[in-house]
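Listed here are the chains, written in short residue letters.
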Amino acid sequence: MNVEELSGLAPGAVSHFREQGIESLYPPQAAAVEAGVLEGENLVAAVPTASGKTMIAALAMLSAIERGGKALYIVPLRALASEKKAEFDAYEAFGVSVGVTTGNYESTSDWLASRDIIVATSEKVDSLVRNGADWLTDLTCVVSDEVHLIDDRSRGPTLEVTLAKLRKLNPTLQTVALSATVGNAAELADWLEADLVDTDWRPIDLRMGVHYGNALNFDDGSTREVPVEGTEKQEAALVRDILDEGGSSLVFVSSRRNAEAAARDLSSVTTRALTDDERTDLAALADEIRDVSDTETSEDLAACVERGAAFHHAGLASEHRSLVEDAFRDRLLKLIAATPTLAAGVNTPARRVIVRDWRRFDPSAGGMTPLPVLEVHQMMGRAGRPGLDPYGEAVLLAKGHEDMNELFDRYVWAEPEAVRSKLAAEPALRTHVLATIASGFARTREGLLDFLAETLYASQTTERGRLESVTDDVLQYLEANDFIEREGETASEGSDGFVSADELAGEPSSVELQATSLGHTVSRLYLDPMSAAEIVHGLESTDDRPTALGCYQLIARTPDMYELYLRSGEDEQYAELFYERESELLGDAPSEFEDVRFEDWLAALKTGKLLEDWANEEEESRLTDRYRIGPGDLRGKVDTAEWLLGAAESLAAEIDSEWTVAVREARARVEHGVREELLELVGIRGVGRKRARQLYAAGLETPADLRTADKGVVLGALKGTKTAETILENAGREDPSMDGVEERSGDGNGGVERAGGAPADEPDEEPTKNQSSLGDF
Ligand code: ADP
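These numbers were taken from a predicted model, which means no experiment stands behind them.

### Overview of the environment of Ala302
Looking at where Ala302 falls in the secondary structure, it is placed in helix α11 (residues 296-305). In this structure the C-alpha to C-alpha distance between Ala302 and Asp291, which are 11 residues apart in sequence, comes to 9.9 Å. Excluding its chain neighbours within four sequence positions, the residues that come into contact with Ala302 are Ala286, Ile289 and Arg290.

So this is what it looks like as structure tokens:
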């Protein structure tokens, strides 16, 4: 089908597609049109990676908008939100506006009411529903990208519940679900009352195979000789072989450390294939990478990049990731060694994909377990760039003949698994039941069960009564922790006011379930109720003002913070720290004889200590070394801590705790990575932790000091005239010019005139919070 034949789109849309090189529809796209995607029909499209699913989404959204509607595009990862937004921004040429919203789970983002297309993560959409964003009821089309992630234990339930809620809010909503090829696409389509396009079609040939000995054996029976020379590794031979014909490789491995090691090893292969021009460009790219952050990871990455290879994993800073992805797409980088996170959607195809590790460490199994077929197929699907490569090749590695047969059976010939709902897992249900009650989606137990009946879980479960019994357990937990209460019922209430699950189950339908004020706060804050319970209990259990470490360890204990693991030998080290600082920790410590609980407690202490070290102004690179984490991990922990401490502050206010200020201070310190005395200075835009420390050392302690200080001292502390001027201006100094000013070292008083011994930090103006930069990162 030619794009000119498409009807119901804005006049400029067709020419836009043509400019993108889309002249005629791919078969799955044509099938979607036939299924009515342009007329508002629901659709599940289960199509291989890189086979034009975005175009199907575009057709649905643009036709909905042309009919006067509004569309929402749900992405699984934040990193993908900005990528999709950039892609859809091109529609502005024909009058379609686009907005993106991620993070900040407390805002309803009202400005989005005026946008035609909104891109958001499933967590953000869930929070928008909870916070009652008005514009949600204006939606006429929702697209859910990578919908097979409903199977994901930690994030799947949110997507599942969010889709069910959106569909309940707007019964006429068009739902378009985009999925990788999965075992039960028809079941997903039934659940969403949708038509189904389920196909293996790909725009570019994919040959899957297994390398063993000196040959690559493909699924179509053909072979290709790829000899392994001397002590060379199989993957090195495969990379070299494809480079010889101008192709790039993507190597998937099981861990971050393996990704870094593989990139380092394989860079000795890629470096041999570089031209002089490429070397120059790669050296410039390496400098850009070093500029992003001053850490070992950054340096290691730059060293690989100079040689034409890179690693890619979730521990990288996002700037690192996009530099690497762009250079790989531009064919400047010849190889990426990645963990599977990349396969989830970032568009980085390569001529040859090598799935080196097909087992991964699974803590719940206590050992290495094989990856799901679905995941391996997604990695393999990254092979082949339409228009650039003649075909794509995806390769697994076998050590022996039997190995090879196993890999063919396990992955090459195998069908991907079915998507199974994970909603019945308790943390998921706990969170979503509270949210469903708090946002008024359900007001009675029956209403709640009716709503849950709309989920994929309900359509898949064969165990009768299971959903009901877990729901009752959850209701009991929520009530015991004072997050919900029942109204309009007296008969079955016991004298203690507490209601058992049986009583709840048997209660008449007139009984209203309501969130308490605390419950509303928890739901609005987007916390797991168990995290909230832990924080509330921790704050209530102390008579002394909590220290920063106390606050940090408390939030590190919650299920919303991924703790650092204890490495071997570290239990003793942290047990020692625990005894030293036990009095600072909030809540009831488990006894050291309760092995698992005690170890969790120490792991939280380790995470808390990392945050304390950061807030004590320790160098980023020392922390990443000491805790053996990447700069992206440190950033992630700091972000999560900021969010959880912000939530803890709201909870403290809610329960009338006297420790609100202590929590706020702990939060501000972790946000900026500074000791208490620098908090005012980092409130100035352009002043990060390092500059604040330099100013303070020169005796300049507050924004007010900067307004009256001797300019020479400011210049001496900050170096750089331009920086000094900008910062003085941001601090509100009338004449920030540094013309003719000479550097002076501070006299410890910062050249500040302190009339009559008045304190230097007279609060004549609130420092502008939230504008400070983390530029030192
Ligand atoms: P998916 O979302 O399925 O992983 P994309 O939608 O990103 O894949 O499509 C992969 C590439 O194919 C994109 O570069 C896109 O522009 C291109 N493409 C999509 N549809 C067509 C088409 N009908 N003709 C030519 N190119 C297309």
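So, next bit.
### Some details on the pattern of salt bridges
Scanning the model with the defined rule gives 53 salt bridges in all. Residue Glu87 is joined to Lys84 by a salt bridge in which the shortest nitrogen-to-oxygen separation is 3.6 Å. A residue pair is termed a helical-turn pair when its members lie 3 or 4 positions apart in one helix, as Glu87 and Lys84 do in helix α4 (residues 78-89) at three residues. Judged by its relative accessible area of 38%, Glu87 falls in the partly exposed class. Assessed through its relative accessible area of 9%, Lys84 is described here as buried. The network of salt bridges with shared partners includes Arg581, Glu584, Lys609, Glu612, Asp613, Glu618, Arg622 and Arg626.

### Focus: the site of the ligand
Close contacts around the ligand come from Gly21, Ile22, Ser24, Leu25, Tyr26, Gln29, Thr49, Ala50, Ser51, Gly52, Lys53 and Thr54, and that covers them all. Between the ligand and the protein, one listed contact pairs a nitrogen atom with a backbone N or O atom of Ser24 at 2.9 Å. The contact in question runs from a nitrogen atom of the ligand to an N or O atom on the side chain of Gln29, over 2.9 Å. Burial of the ligand by the protein chains amounts to 75% of its free accessible area of 560 Å². Taken together, the residues of the shell around the ligand break down into four nonpolar, seven polar and one charged.

### A closer look at the packing of helix α24 (residues 595-615) against helix α27 (residues 660-672)
The N-to-C vectors of α24 and α27 enclose an angle of 75°; their axes lie 8 Å apart at closest approach. Judged by the inter-axis angle, α24 sits roughly perpendicular to α27. Residues Leu611, Trp614 and Ala615 of α24 form the contact with α27, whose own contacting residues are Arg669, Val670 and His672. A per-class count over the contact of α24 with α27 returns four nonpolar, one polar and one charged.

### Notes on α27
Look at α27: 19 Å from first C-alpha to last across 13 residues, which is about the 18 Å you get at 1.5 Å a residue. Contact partners of the buried residues in α27: α21 (529-540), α22 (548-556), α24, α26 (631-654) and α28 (689-697). A positive phi of about 70° marks Gly673, the residue just after α27.

### Focus: the pairing of strand β17 (residues 392-397)
Burial within β17 is extensive, with six of its six residues counted as buried. Burial along β17 is two-sided: Gly392, Ala394 and Leu396 and Glu393, Val395 and Leu397, pointing in opposite directions, are all buried. In the sheet, strand β8 (residues 206-212) pairs with β17 via six bridges, with the strands oriented parallel. When the sheet's bridge partners are listed, His211 is paired in β17 with Leu397. Where strand β14 (residues 352-355) meets β17, four bridges bridge the pair, whose relative direction is parallel. Looking at β17, one finds that Val355 is bridged to Leu396.

Definitions and cut-offs
Along each chain, the written sequence defines residue order, and numbers are assigned to residues from 1. Totals for whole chains, interfaces and linings use all residues, but because this is a predicted model, local features are given only for residues with pLDDT of at least 70 and pairs of side-chain atoms are given and counted only at 80 or more. Only hydrogens and water are set aside when side-chain values are computed; all heavy atoms of the structure are taken into account. Each helix is a run of H or I in the DSSP string that is no shorter than four residues. Each strand is a run of E no shorter than two, and both are numbered from the N terminus. Here, residues are in contact when the closest pair of their heavy atoms is within 4.5 Å. What makes a salt bridge here is a side-chain nitrogen of Lys or Arg within 4 Å of a carboxyl oxygen of Asp or Glu, nothing more. When a residue's accessible area, from a 1.4 Å probe over protein chains only, is under 20% of the maximum for its type it is buried; when over 50% it is exposed; and in between it is partly exposed. Proximity is defined per residue: if any heavy atom of the residue lies within 4 Å of a molecule or strand, that residue is considered near it. Polar contacts, as used here, are pairs of N or O atoms within 3.5 Å; protein pairs need one atom able to donate a hydrogen and one able to accept it. Residues neighboring in sequence count only if both atoms are side-chain atoms. Areas reported as accessible are Shrake-Rupley estimates using a 1.4 Å probe. Residue values count occlusion only from the protein chains shown. Under the grouping applied here, Gly and all other residues not named as nonpolar or charged are polar, the nonpolar ones being Ala, Val, Leu, Ile, Met, Phe, Trp, Tyr, Cys and Pro and the charged ones Asp, Glu, Lys and Arg. Axes here mean lines fitted to C-alpha atoms, for a helix over just the part in contact, with angles spanning 0 to 180 degrees between N-to-C directions. By definition in this entry, angles of less than 35 degrees are roughly parallel, angles greater than 145 are roughly antiparallel, angles of 65 to 115 are roughly perpendicular, and the rest are oblique. To estimate how far a helix should extend, the number of its residues minus one is multiplied by 1.5 Å. Two strands form a pair only when DSSP identifies at least two bridges running between them.

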